[in-house]
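So you can see what is in the structure, the chains are spelled out below.
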Amino acid sequence: MVQDRAKLVAELIEPLRVKPGTKVTLGKDFDPGYKARFVHKKDGTELLQAGVSLLCEYQDKLAAQDTWGMLVCLQALDAAGKDGTIRHVMSGVNPQGVHVSSFKVPSSEELDHDYLWRYAQRLPARGDIGIFNRSHYEEVLVVRVHPDVLDRQKLPPGTKGKDIWARRYREINDWERFLAENGFKIVKLFLNLSKEEQRIRFLKRVDLPDKNWKLSPNDAKERAFWDDYQVAFSEMLTHTSTEWAPWYVIPADRKWFARICVSAILAHTLADIDPQYPTVDAAKLKDLTDVKALLEGEAPAGASPDPFEDELVAQASETQTRTDNKRHHS
Ligand code: ATP
Ligand code: MG
């Protein structure tokens, strides 16, 4: 059963992974409307629920082990569903173990530092899952599409030539490799929305009063740069999907399917870490036995020395009786 689930997850996410070293042309290589033929909308809620429980389980072990951390980078154009994805996929996961950081236009303090500085400050700790809602990849996306944004970065003369993007890809790959080698697993998700679906979602935000707040005038302005963004995303995917920090392109036109894909990818990545609850060594075992003896000695007159142990024994004997009966009837 567990093996079947792992196989299904692997099969689901394989076509979404950008193989390191392959050249990506978004419009040609990835369809925003793609859906795996073996996943059906009617099963969507149940599948997502299964993914969420799996994530909860892994997250608990990740925190207990306190050795690895996981960083999830989410990139997308407006209205692709970043916020909703985070909300749905992380629902039910212990909020103490998950930290979401959103990155907006940099402040003047941030612009006074190197371009990775603000992202480094928000990295997850060991045992934590960090989610970057927009990430250091903005530094090769919005910054590339709008040259005036680059101008504000106060770079020294001679560092803004044509080779700047190739250099940034290398620097980002190196930074991520350093993190990966030090116990931080990185997974990068690009929610790939079609231009027509974005148009419809923007209109929905105009037409429905309680969605009005979601649409900023800037969103429509950015849409005019659609083609430039497609090129910037394609280049980013081509140059920064690595063995240690792969990109996945999530078809985002169907929200329910996108969420299933994201939860499957996160579960798969955590399965790769395979976090374990710490085991108890002999010294700790002795401590536990001593504490037990002490607490049992404090039992009030007439009370069982360990009521909890009584319950465990009762449960075990009930299970045994049920198994015996089953065997007897079969
Ligand atoms: P939502 O609209 O759902 O609240 P959002 O991530 O779109 O979420 P906004 O405040 O609308 O948040 O937009 C953030 C803006 O910040 C985006 O236009 C993005 O391109 C911009 N931004 C992010 N990082 C950088 C950066 N390093 N340099 C310049 N602009 C950036
Ligand atoms: Mg926005």
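Scope of this entry: the structure provided in the associated data block. Because the structure is a prediction, the values reported are computed rather than measured.

What counts, and where the lines are drawn
Residues numbered from 1 in each chain as written. Chains lettered and ligands numbered in written order. Predicted model: local features only at pLDDT ≥ 70, side-chain atom pairs only at ≥ 80, totals over all residues. Heavy atoms only, no water. Helix = DSSP H or I, 4+ residues; strand = E, 2+ residues; numbered from the N terminus. Buried < 20%, exposed > 50% of the residue type's maximum accessible area, 1.4 Å probe, protein only. Contact = heavy atoms within 4.5 Å. Areas by Shrake-Rupley, 256 points an atom, 1.4 Å probe, with all protein chains shown as cover. Lys, Arg positive; Asp, Glu negative; His and termini not counted. Charge placed at Lys NZ, Arg CZ, Asp CG, Glu CD. Pairing = 2+ DSSP bridges. Axes fitted to C-alpha atoms, helices over the stretch in contact; angles between N-to-C directions. 1 Å grid on protein atoms, 1.4 Å probe; cavity = no way out; pocket = protein on both sides within 12 Å on 5 of 7 lines; lining within 4 Å. Points joined across faces, edges and corners; volume = space filled by probe spheres on them. Nonpolar A, V, L, I, M, F, W, Y, C, P; charged D, E, K, R; others polar.

1. Some remarks on the overall build of the chain
Right, so step 1: Along its length, the chain carries 15 helices and five strands.
Right, so step 2: Burial statistics for the chain: of 330 residues in total, 41% are counted as buried.
Right, so step 3: In the chain, once contacts between residues fewer than 6 apart in sequence are set aside, the share between residues at least 24 apart is 80%.
Right, so step 4: Only carbon and sulfur atoms are counted for the fraction: they give 55% of the accessible area of the chain, which is about 18,800 Å².
Right, so step 5: Where the 47 positive side-chain charges of the chain centre and where its 50 negative ones centre are 7 Å apart.

2. Digging into the sheet that holds strand 5 (residues 247-251)
Right, so step 1: With respect to topology, five strands assemble into an open sheet ordered 2-3-1-4-5, the strand pairing being parallel. Of all the strands in the sheet, the pair left with one neighbour each is strand 2 (98-102) and strand 5. Within this sheet the neighbouring strands show an average axis-to-axis angle of 20 degrees, counted without direction.
Right, so step 2: In the sheet, strand 1 (residues 69-76) pairs with strand 3 (residues 129-133) via five bridges, with the strands oriented parallel. When the sheet's bridge partners are listed, M70 is paired in strand 3 with I129.
Right, so step 3: This element, helix 4 (residues 82-89), spans strand 1, strand 2, strand 3 and strand 4 (184-192) of the sheet and lies at about 160 degrees to strand 3.
Right, so step 4: On top of the sheet, helix 13 (residues 255-273) reaches strand 1, strand 3, strand 4 and strand 5; it is set at about 165 degrees to strand 4, its chief contact.

3. A few points about helix 4
Right, so step 1: Among the residues making up helix 4, those that are buried are K82, G84, T85, I86 and V89.
Right, so step 2: Packed against the buried residues of helix 4 are helix 3 (44-65), strand 1, strand 2, strand 3, strand 4 and helix 13.

4. Focus: empty space enclosed by the protein
Right, so step 1: Evaluated as defined, the whole model comprises two cavities of 30 Å³ or more.
Right, so step 2: Secondary structure elements with two or more residues in the lining of the largest cavity: strand 1, helix 4 and helix 13.
Right, so step 3: Taken together, the residues that form the lining of the largest cavity break down as nine nonpolar, one polar and no charged.
Right, so step 4: Computed from the structure, the second largest cavity encloses a volume of approximately 30 Å³.
Right, so step 5: In terms of lining, the second largest cavity is formed by L77, A80, F190, L191, L193, W226 and Q230.
Right, so step 6: Of all the secondary-structure elements, those providing two or more residues to the lining of the second largest cavity are strand 4 and helix 12 (226-240).
Right, so step 7: Taken together, the residues that form the lining of the second largest cavity break down as six nonpolar, one polar and no charged.

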